[in-house]
Amino acid sequence: MAEENQPVSVIPDDEGQEKFKKSEHVAFYRRQMQGPNLQYRALLDTMVLTEKGARFELLEPDTQTRLLLSVSPCKNDTVRILIDELQPIKSRYRVPDVITGEPQCEQLRVERQTKDSVTLSWSSGRHQVRVWHFPFQVEILCEDEVMVTFNSKGKLWFEMLQDRARATSHDSELEEDAPGLLWRETFRQFVDIKANGPSSTGADLCLHGFSHVYGLPEHADSLQLRDTRDGEPYRLYNLDVFAYDLYSRFGLYGSVPLLVAHKVDRTLGVFWLNASETFVNIHYSPTDHEDEQTPPVKRRRLQPQTDVHWLSESGVIDCVVLLGPSPQQLFSQYAQLTGYQALPPLFALGYHQCRWNYDDEADVKAVDAGFDHHNIPYDVIWLDIEHTDGKRYFTWDPVHFPDPAGLQRHLEKKKRKLVVISDPHIKADPDWSLYCEARDGGHFVKDREGQLYHGSCWPGESCYLDFSSPATRAWYSRCFTLEKYKGTTPSLFVWNDMNEPSVFDGPEQTMPKDAVHYGGWEHRELHNLYGFYQHMATVEGLITRSGGSERPFVLSRSFFAGSQRLGAVWTGDNVASWGYLKISIPMLLSLSVAGIVFCGADVGGFIRDPDPELLVRWYQAAALQPFFRGHSANVTKRREPWLFGDKVTAAIRTVIQQRYCLLPYWYTLFYQAHTSGLPPLRPLWVEFSQDQSTFTVDNQYMIGGALLACPVTEPGLQEVKVSLPGSGEIWYDVHSAKVHKGGETLSLPVTLDTVPLFQRGGSVVCRSTVSGSCTAELQQLPLSITVALNPQGAADGELYLDDGHSFSYRDRKAFCLRRFSMLSGRLLCHAASEEGTFDCDTVVHSVTFLGVKSKPSTVTVHVSGAKDTPAAFQYTQTYYKLTASNLNLRVAMDWEIQIV
């Protein structure tokens, strides 16, 4: 990070040493990278075809290591490769609770068999798996073409668990001399004792024909993952990193071990299901620095490939290859595996106002009133750690928040909500009943000696809840009941922070790896799951509180694969600088590609003070992203939107109001994510999968399939360049209705009020006509529809409606899904689903058609069972824009508009 961007850390780094490890500090990484190239053989005569695929024994002759390989093709075009010890001295950790159900396996049959290999196929035979005897490899083929090779470079690595009691004195002598054989590892003053010795695993995969890969959040880096030969690997290890460096591959708050590869005719994914510390190396080839001797003409003829090397500290090898072939199919395959995005309550898609900390109840009420006074809509106000009694979660400061339920009722009268923070550390206070209850119930993590693990966090000395235990999660969930959590009402929601877990005096500011969890598992096995489990317990607590009727809202800083089922995440402690605004876009796109689609970044930057231009540009960008929250640290100046002068207030008001008007579209996108796995925020290549110019773009993005956003992320600009993809496409400027051709780069003049946003020809977008003061008003407001015609004069889109807060859409099919289809001058509104019984009074007030080449003579409305009526309309020849107004058409009814 540039010198000017270095904020003062809240937690000082003692002795000036590096707080976080580089890969060179990690023994298992060094062992695997420097270790011998092991020569595994697949013993083909041990093959057994089972109902779950095929099993083989693997042998490494030099070490006599014996492993068990199972290959399982599943019904939705995924292939699971699982490798474990053949006869472990005890079970190795397998990640539970992330995969939502055992995938339905296909029955395999032998297609070809030789002494060197066996080829297996399933179903129609389009896909095949070929297992090679020596060197051991697994190839996955489609139409006889190899797409993926597992163990292509022979990097399969599997350290066997050992019994410490049997370790000889010779082993203990080796500890001094050979760091690679250590049963203990030291980083700074911290010593990590490995109960079963080194237990790391690793494997490589070659992705044939691919030269663009994405995913592996969370990193403050570009959308396309970089070749790691020039530096650090990508690290997946959840850590509390304050004011993280930009363009870094070090681990941050969450981890999703999903890598997505894309080329013109195929998208595929590799999911590495492992919750221990993991590194990923990526090598693209051919590369210039690898093939400098090759003449450029010949170099181009080499088929591109990407080699991906996964290295994990422990567990088993559990690798799922998702075969696509389209981006949409890949997202669906991943959602079927790890779960679909939870459908958020509508208020959660509104604007959230947060600060560490609002001082007291009067302060909260004053900020709430300020939004109304300045006519700025918002839905939720947040309280950070200072709202508690001495950093004891589930309590309230008796001086500053003496009547929390009254405060919530005050907000609820305006249909607004309160969110409070609840972290995983519990103040070690024997006079506090909640601490005693958790201690006596066995709900805390233990140290390696079997005593309560103590670490330091906001309250000082703390114990940490063991959320990996189902009993602890159930106990924690019950803490959110209205009876138990005094001062709460049903309009209170929750924020899980510091749940990596953050331990101020721990190694890398987190929990020691040799701490012990439920079932006797060491923390090293499940570190990256810790925050996921707290998030799960909190969500279950809120669902239980409502008797299973109301959708929860819980924001979590730490996450893992599957966290999308639970709620929202954000990108943590960012900084008020242009670099952090810019990086927020690829960070959110990387999260979206990896299934974590309800995501956002703190508007304005968490630490330091943004200047007014930066603040306005950040609001403009964040209003076009899924989770929209202003948040700042206690050492920053107050930054409610009206504190920077009328011009800034007006600019912020405009974009927040535009966000609220667009919520019918956002809500529909979240319904699609909830049912199909499609992310609301999409890299351009997802929608334009054959347009190679889009493959590396990460400063602009699609919102659904209809809108292209290109936020301004640099200061003082008077012009921005916008790439409009798709050579046969038409794009319409949302604000001016100007028409532009796809396949071109547009130079767009900008002022501080300009937010570059374009609607794609062929799409329909529904908006609310006005913003209201919060989302609760949206359901009473009429809609305006924008129909953007493609070159063929066609367009279509959907609108999803329900009550916005309950599970009735799921349990009673109380929803309304409507489709708008435009063809040959006729716009039809009709049901998009046979299901759905939600009777809503929402009406369409106006329809704007973009791309109507000539002024019509009549615009006629036809509603079934009524006689045709002419509609009032206006036509603007300059932009080919036609608006039919004063329509009053019920969205839940079938109708059509005919343009003649």
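In the block above lies the structure referred to throughout.
Note that the structure is a prediction, hence the values are computed from the model and not measured.

1. Focus: the side chain of Ser590
In step 1: Among the structural elements, Ser590 can be located in helix α11 (residues 578-593).
In step 2: Classification of Ser590 by relative accessible area gives buried; the value is 6%.
In step 3: The contact partners of Ser590, leaving out residues within four places of it in the chain, are Gly215, Pro217, Ser222 and Leu223.

2. Side note on unusual backbone geometry
In step 1: Going from Ser285 to Pro286, the amide bond is cis rather than trans, its omega being 0°.
In step 2: Its location among the elements puts Pro286 in the loop between β18 (278-285) and α3 (296-301).
In step 3: The backbone of Ala243 sits at a positive phi, close to 50°, despite the residue not being glycine.
In step 4: Mapped onto the elements of the fold, Ala243 is located in the loop between β15 (234-236) and β16 (258-263).
In step 5: If you check the backbone angles, Tyr880 has positive phi at about 55° while not being a glycine.
In step 6: Looking at where Tyr880 falls in the secondary structure, it is placed in the loop between β48 (872-876) and β49 (881-885).
In step 7: What makes Tyr880 partly exposed here is its relative accessible area of 30%.

3. Considering the sheet that holds strand β25 (residues 454-457)
In step 1: Strand order in the open sheet made by the three strands is β24-β26-β25, with antiparallel pairing throughout. Since the sheet does not close on itself, it has two edges, and those belong to β24 (425-427) and β25, each with one partner. Each strand of the sheet is rotated relative to its neighbour by a mean of 55°, with strand direction disregarded.

4. Points about the nonpolar core
In step 1: Ranked by size, the top nonpolar core spans 173 residues in total, and within it Leu529, Phe553 and Ile703 carry the most contacts.
In step 2: At ten residues, the largest contribution of residues to this core is made by α11.
In step 3: Look past the residues within four positions of Phe553 in its chain and what remains in contact with it is Pro345, Phe347, Ala348, His352, Trp382, Val419, Phe493, Val494, Leu542, Ala568, Phe598 and Phe627.
In step 4: Listed in part, the 53 residues of the second largest apolar core include Leu69, Leu120, Ala261 and Val280.

5. Focus on the packing of helix α8 (residues 470-478) against helix α10 (residues 530-545)
In step 1: Where α8 contacts α10, the two axes come as close as 8 Å, and the packing angle between them is 45°. As judged from the angle between their axes, α8 and α10 are oblique. When you trace α8 past α10, the crossing you get is right-handed. Between α8 and α10, the contacting residues are Arg473, Tyr476 and Ser477 on the first element and Tyr533, Gln534, Met536, Ala537, Thr538, Glu540 and Gly541 on the second.

6. Side note on the packing of helix α13 (residues 646-661) against helix α14 (residues 663-676)
Angle between the axes and distance between the axes: these two values describe a pair of packed helices.
In step 1: At a closest axis distance of 5 Å, the pairing of α13 and α14 adopts a crossing angle of 55°. With respect to α14, the element α13 is oriented oblique. Where α13 approaches α14, its residues Arg659, Tyr660 and Cys661 are matched on the opposing element by Leu663, Pro664 and Trp666.
In step 2: For the contact of α13 with α14, the per-class residue count stands at five nonpolar, no polar and one charged.

Reading the values: the criteria
Residues take numbers from 1 onward in each chain, read along the sequence in its written order. Residue-level local features of this predicted model are given only where pLDDT is at least 70; pairs of side-chain atoms are given and counted only at 80 or more, and the full residue set underlies all totals for whole chains, interfaces and linings. With hydrogens and water set aside, each side-chain value is computed from the structure's full complement of heavy atoms. Under the DSSP-based scheme used, a helix requires at least four consecutive residues in state H or I and a strand at least two consecutive residues in state E, with every element numbered from the N terminus. The rule is simple: take the accessible area with a 1.4 Å probe, protein chains only, and divide by the maximum for that residue type; under 20% is buried, over 50% is exposed, in between is partly exposed. Note on contacts: a residue pair qualifies if any of its non-hydrogen atoms lie within 4.5 Å across the two residues. DSSP-based pairing: two strands are paired if at least 2 bridges between them are found. Throughout, an axis means a line fitted to C-alpha atoms (over the contacting stretch in the case of helices), and angles, computed between N-to-C directions, take values from 0 to 180 degrees. Take the buried residues of types Ala, Val, Leu, Ile, Met, Phe, Trp, Tyr and Cys, join any two whose side-chain atoms come within 4.5 Å, and each joined set is a nonpolar core. If an angle is under 35 degrees, it is roughly parallel; if it is over 145, roughly antiparallel; if it lies from 65 to 115, roughly perpendicular; otherwise it is oblique. A crossing counts as left-handed when the near helix is turned anticlockwise from the far one by less than a right angle, and as right-handed when that turn is clockwise. Polar here means any residue other than Ala, Val, Leu, Ile, Met, Phe, Trp, Tyr, Cys and Pro, which are nonpolar, and Asp, Glu, Lys and Arg, which are charged; Gly is therefore polar.

The values are spatial; any link to function lies outside them.
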